[in-house]
Structure formats: C-alpha cells, structure tokens
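Structural overview for review
Okay, here's what each chain looks like letter by letter:
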Amino acid sequence: MQHEFTIQVSPEIAANPEQLKNDVARKNGIPIDDIKHIKIVKRSIDARQRNIKVNLKLNVYVQEEYIYRPIELPDYPDVSNAPEIVIIGAGPAGLFSALQCVELGYKPIVIERGKDVRNRRRDLKAINQDHIVNEDSNYCFGEGGAGTYSDGKLYTRSKKRGDVQRILKLLVGFGATDQILVEAHPHIGTNKLPNIIAAIREKIIAQGGEIHFETRVTDFEIKSSKIHGVTLLNGDKIATNRVILATGHSARDIFELLYHKNIEIEAKPFALGVRVEHSQKLIDQIQYKCEDRGPYLPPSPYSIVKQVDGRGMYSFCMCPGGVIAACATSPGEVVTNGWSPSKRDQPTSNSGIVVELREEDFKPFSKYGPLAGMYFQKSIEQKAWSVGGETQRVPAQRLIDLVEGRVSSDLPETSYAPGLTSADMGMVFPKFIHSTLKEGFKAFGDSMKGYLTNEAVVHAPESRTSSPIRIPRDWQTLEHTQIKGLYPCGEGAGYAGGIISAAIDGEKCAIACVRSIEKKN
Ligand code: FAD
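Think of each chain on its own: its residues are numbered from 1, step by step along the sequence as written. Side-chain atom pairs in this predicted model are given and counted only at pLDDT of 80 or more, local residue features only at pLDDT of at least 70, and totals for whole chains, interfaces and linings cover all residues.

Here's the deal with the domain arrangement of the chain
Segmentation into domains, and thus their bounds, comes from an automatic or database assignment. For the chain, the domain assignment lists domain 1 (2-62), domain 2 (84-265 + 471-520) and domain 3 (271-462). Here the C-alpha centroids of domain 2 and domain 3 sit 27 Å apart. Our contact criterion uses C-beta atoms placed from the backbone: two residues qualify when those atoms are within 7 Å. Contacts between domain 2 and domain 3 engage 23 residues on the former and 24 residues on the latter. Of all the elements in the fold, those that place two or more residues in the side of domain 2 that touches domain 3 are helix 4 (117-130) and helix 7 (252-260). Labels follow the DSSP assignment, with helices taken as runs of H or I lasting at least four residues and strands as runs of E lasting at least two, numbered in each case from the N terminus. The element contributing the most residues to the side of domain 2 that touches domain 3 is helix 7, with 4 residues. Taken together, the residues of the side of domain 2 that touches domain 3 break down into 10 nonpolar, 8 polar and 5 charged. Any residue that is not Ala, Val, Leu, Ile, Met, Phe, Trp, Tyr, Cys, Pro, Asp, Glu, Lys or Arg is counted as polar, Gly included; the first ten are nonpolar and the last four charged.

Overview of the sheet that holds strand 14 (residues 311-319)
In spatial order, the strands read 13-14-17-12-20-18-19; together these 7 strands make up an open sheet with mixed pairing. The two strands at the open ends of the sheet, each matched to only one other strand, are strand 13 (305-308) and strand 19 (420-422). Strand-to-strand twist of the sheet, defined as the mean angle between neighbouring strand axes without regard to direction, takes the value 35°. Only strands that DSSP links by at least two bridges are regarded as paired with each other. By the bridge criterion, 4 bridges tie strand 13 to strand 14 in an arrangement that is antiparallel. Looking across to strand 14, one finds that K306 is bridged to M313. Against the sheet, helix 11 (residues 431-447) touches strand 12 (271-279), strand 13, strand 14 and strand 17 (348-356), its axis set at about 130° to strand 13. Angular values range over 0 to 180 degrees, each being the angle between N-to-C directions of two axes fitted as lines to C-alpha atoms, with helices fitted over their stretch in contact.

Here we look at the site of the ligand
Defining nearness, a residue is near a molecule or strand when the C-beta atom obtained from its backbone falls within 6 Å of it. As a structural note, the neighbourhood of the ligand is formed by 43 residues, with G89, G91, G145, G248 and G490 the closest of them. Mapped by element, the contributors of at least two residues to the shell around the ligand are helix 3 (92-103), strand 16 (336-339) and helix 12 (499-520). Looking at the shell around the ligand residue by residue, the classes come out as 21 nonpolar, 16 polar and 6 charged.

Overview of the pairing of strand 15 (residues 323-326)
A regular strand places its side chains on the two faces of the sheet in alternate fashion. For every residue, the other C-beta atoms within 10 Å of its own C-beta are counted; 20 or more classify it as buried, 12 or fewer as exposed, and values in between as partly exposed. C-beta atoms are placed from the backbone. Residues V323 and A325 of strand 15 are buried on one face, and the alternating residues I324 and A326, pointing to the opposite face, are buried as well. Relative to strand 16, strand 15 runs antiparallel, the two being bridged by 4 bridges. Residue pairing in the sheet places A325 in a bridge with N337 of strand 16.

Concerning the sheet that holds strand 9 (residues 237-239)
Ordered by their spatial adjacency, 3 strands build an open sheet running 7-8-9, and the pairing between neighbours is antiparallel. Taken across any chain shown, the strands that pair with only one partner, and hence form the sheet edges, are strand 7 (217-223) and strand 9. Here the average twist between neighbouring strands, direction ignored, is 25°. By the bridge criterion, 6 bridges tie strand 7 to strand 8 (residues 226-232) in an arrangement that is antiparallel. The residue bridging K223 from the neighbouring strand is K226, located in strand 8.

Observations concerning the pairing of strand 3 (residues 53-62)
In this sheet, strand 3 lies alongside strand 1 (residues 2-9) in antiparallel orientation, the contact comprising 8 bridges. Within strand 3, the position partnered with H3 by the bridge is V60. Of the strand pairs in this sheet, strand 2 (residues 35-46) and strand 3 are connected by 10 bridges, and their pairing is antiparallel. Each bridged residue has a counterpart across the sheet, and for D46 the counterpart in strand 3 is K53. Here strand 2 hands over to strand 3 after 6 residues, the two strands then running antiparallel side by side.

So, in structure tokens, the structure goes:
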C-alpha cells in the first residue's frame, strides 16, 4: 500500500534515508520492517526560524515493493517529409517549439545565428580571457540561447504560465536529474545544461527536423500583411508562410528590423541595475542564522524586494555558489549576469539587484519611438564599457563605498573573469538609478543583517533582465497582430521571463501554428 505523508524534519534526517525511515515509522506508528521504500515527492527548506526544517512530501510504500519507472520521452514521429515550420532562434523557446512541432508531426527548420554548444565554448573563453565579443556566439547567442551557460534555475514566478511539470519532465527525459521534479526551487547548473541541450538537438535531427547553426536571419519577406519568407545574412532566402520568431531579448537587430519595416512593436518596461557579489559563507550565515551551514544544507539563496520613493528595487536571478558572467553581445558594451555549477560550490554568491524602470524613464531616447527603452539600456552598457576602460572589465565599487558615495581605493577578488575597474556608480547610471541603489542597499542592510558590507562588490551593469520590447500578438491565434503567419515567441517578444516560461511559450506557439495549418486544410 502507498501512503502519502507531509512531514517536517531536520536537514540531517532529510539527507539520510535510514534516519528518515525511522522517523516516518515512529511518527506514524508503522512497523519499520513494513516500510519497503520512501519516495520524496517534494522538498523545500524552511529557514525562517533559527531551527531550520525541511518540508517533505513523501510516498511511503508499506508492505509493497517500489518499482522504479524512468521518465519517458513522448513517442516522437519521423517528420522528414512532413510540412515545415521555420523557427528563428534555438533558445529554450525555439528548441521547445521545435520539439513540440515534431511531437505534432511537423518538421521544424530551426535557424540559429550562433554555434552549437561545444563550439560556443571557445567564444566564451575569448570574452573572458581576451575581451573579444563575437556578435553571433556569446553567453546569449548560440545553441540553447541564453539558457545554456545560464544558472539553470527552473522556476517561474508566475504559476499561470502553463504546464511547468511537463517541461521539467522533458528535461529529465533529455538527461537532467529527476531531482528537479522534487525540489521546490529546482536548478540544473551550467556544467550540466550543454549536454541536455545537445540531446534535444540530436532528437530533433534524428526525427527529421533541421537545425542550421551560424545562420543569421536578416530580413523578413512580407506581402499583403502575410509572411512569405526569411532572408539570411549570406543572401539566401527561405520561402515559408509560418515563422516562429524566438530570437530572445538581446536580438537588437531583429527589433530594429521590425521597427524599420513598420511592423508593430511596443516599448516595454523592464529593470536594470548592478550585480552584487558576496561571499557565500556570509549569505549562509545571514539566511541560516548560524556560523556554518554544515553538511546538510545547500548554499543559501536570498530574495529581497524594497520600495525606494515608490520605485521597486529587487534581487533578480540570484546565484548561490556561483560566478558572474560577461554577457555582452556586441563589442563596445559590457553586461553582467550570473551562473552556478550544479553543486553550487563556488565560494561566492551573486545576484542582480535591479531598479524598476518605467516608460517615462526612456524619454531622453524618445526619438527612437518604441525602441527608446532598448537605446536607454544600450547607452548604459556602452557607458559602463567606457568607464570600465574599454575592455570587458566592468566598473565596480565596494557596497558601503557605493552607499556612501566614495570610489573604492581597492577591490577584493571577483569571480567575474575579465576583471574590474574601480569606479563611482554615478559615472555609469542616471541619477535616479544611482540614488535608488544607494537607498535600496541601505534598506537591504536593515533587513538582512551583515548584507551591507564593504567586502561585497557591485559590478555594473545588470541590464538584460527582460525584453525592452513587446512584439504584439493576437491572444488567441498567437500570430502577430498585423502579420499573418508570424508568431512572436518567448522572452524577446515579451511573453516569457526565464528558461521554463520561454519553453512553455515555445510549445504554445508551435501548437497555435499547427492548429492554424490544420484549420486551413
Ligand atoms: P534566448 O535564450 O535569448 O534565445 C534566443 C536565440 O535566438 C539565441 O540563441 C540567439 O542566438 C538566436 N537569435 C537571435 N537573433 C537571431 C537571428 N537574427 N537569426 C537567428 N538566430 C537568432 N533563466 C532562468 O530561468 N533561470 C536561470 O537560472 C537563468 N540564468 C541565466 C544566466 C545567464 C548568464 C543568462 C544570460 C540568462 C539566464 N537566464 C535564466 C535567462 C534565460 O536564459 C532566458 O530567459 C531564456 O534563455 C530565454 O529564452 P528564449 O528562447 O526566449 O531566448
């Protein structure tokens, strides 16, 4: 017989199957020998009190043997000769769109400007070591998109976005640990993601789909408000009347292209700020309220939000035991973000700390119409490049020095490989962002004792939090409001924020596209 229990235990018991079995038997009056297996279904940590607890949802097999059933992938058909759907971008949105097309019996043709996961590595090394940014292959562009060398946190703020569990199960089917189905805050890690992405690619190709790397789309062919094809950088044209556009939030040339072709796009508010690095030990001490987190607790994350003069300032994409990454997509700019390995075993933690922006903040760039926010974002990234010394070094300041308006006389070691230049954040940001950061960090220090320390360093800027543009689409057909057959998709189009929601939106667009083809036939 299977029994479902929800229990709260110490981190040590949660980590030790024999101790857990004893605990379950004792608390529920079950003879210990009758318990054949305990399957943890959900796990979360409650660190609100000094006495930290782990909440577990369990399936307990009493006098019944447990049979392990691996997660299986859908039975994907051969689509070699099936009708084609063109997908631009091989990020989570594009790849899950492609998988969904295959599952529904259609042949995806994926066009990706960057390289495959393995060849992408060389370009990441070039950014980190030689300060060279390849515009087609970097932390944002290439197979798996911005999701590949990311942190791989797999939770989404909005539960309304769709079937999260389905995406997690597909990831397990393609090689992710099944623990992502159990953890309340699942995480894969940068070292594991590339193999999972490569397995997805291999499946798409094995079933007859196509993926074209190092192939950049530069134009759309549109006649009578319908898509008729796409043009590639080498001048080749692909005729098609269905295009899923999943080019991500950093595809500025695509936003420019749409604008200059009079295809409707809208400015969208986003958030921007810095990436702050603390020692992981300090964050553990603050969050777990103890000297040392010991062997049973994971490196602690944190999440914090404050209002400063009516403007939100909050932590974003926090990476425990992680590293700050150089995420520029063009020469002449610097951008930070963060990642962590699966074990989160780096000595540092980092988090984006960003200030909420509104459309009126983009006024100085209003001549760019709906691209105003994008130009605002770009201007800060270029300013930071210039202040940082015109390499991939970023402007940086110790945290108390930032709050007290002092340039740091020296800087501690950083995980950010290209290095730091000591600078006043007032040189990088407009006054309203700079003053919000100063006040906001003080308020963070009041809530998290020890957080406001000069051993922590801010790195500027964290600017690619979400898309500065929305590409409008019909809420039912998911086609662009003006252009038939064009499906704006994923984070770049403003319909996702993160790996899971981008993957969900990718599937949704593929389903909408297939539905429209089948309606016509
Ligand atoms: P993208 O992933 O941006 O993919 C778009 C793809 O389109 C790219 O591969 C690009 O090369 C391609 N493309 C662009 N223009 C063209 C063109 N003209 N022709 C052909 N191809 C083109 N999210 C999380 O949920 N959890 C995390 O822990 C996390 N950590 C992150 C860490 C880092 C360092 C970064 C950079 C991002 C992180 N993110 C994280 C964000 C996450 O990666 C994105 O939200 C997600 O990848 C968006 O998916 P997407 O498919 O919509 O777009």
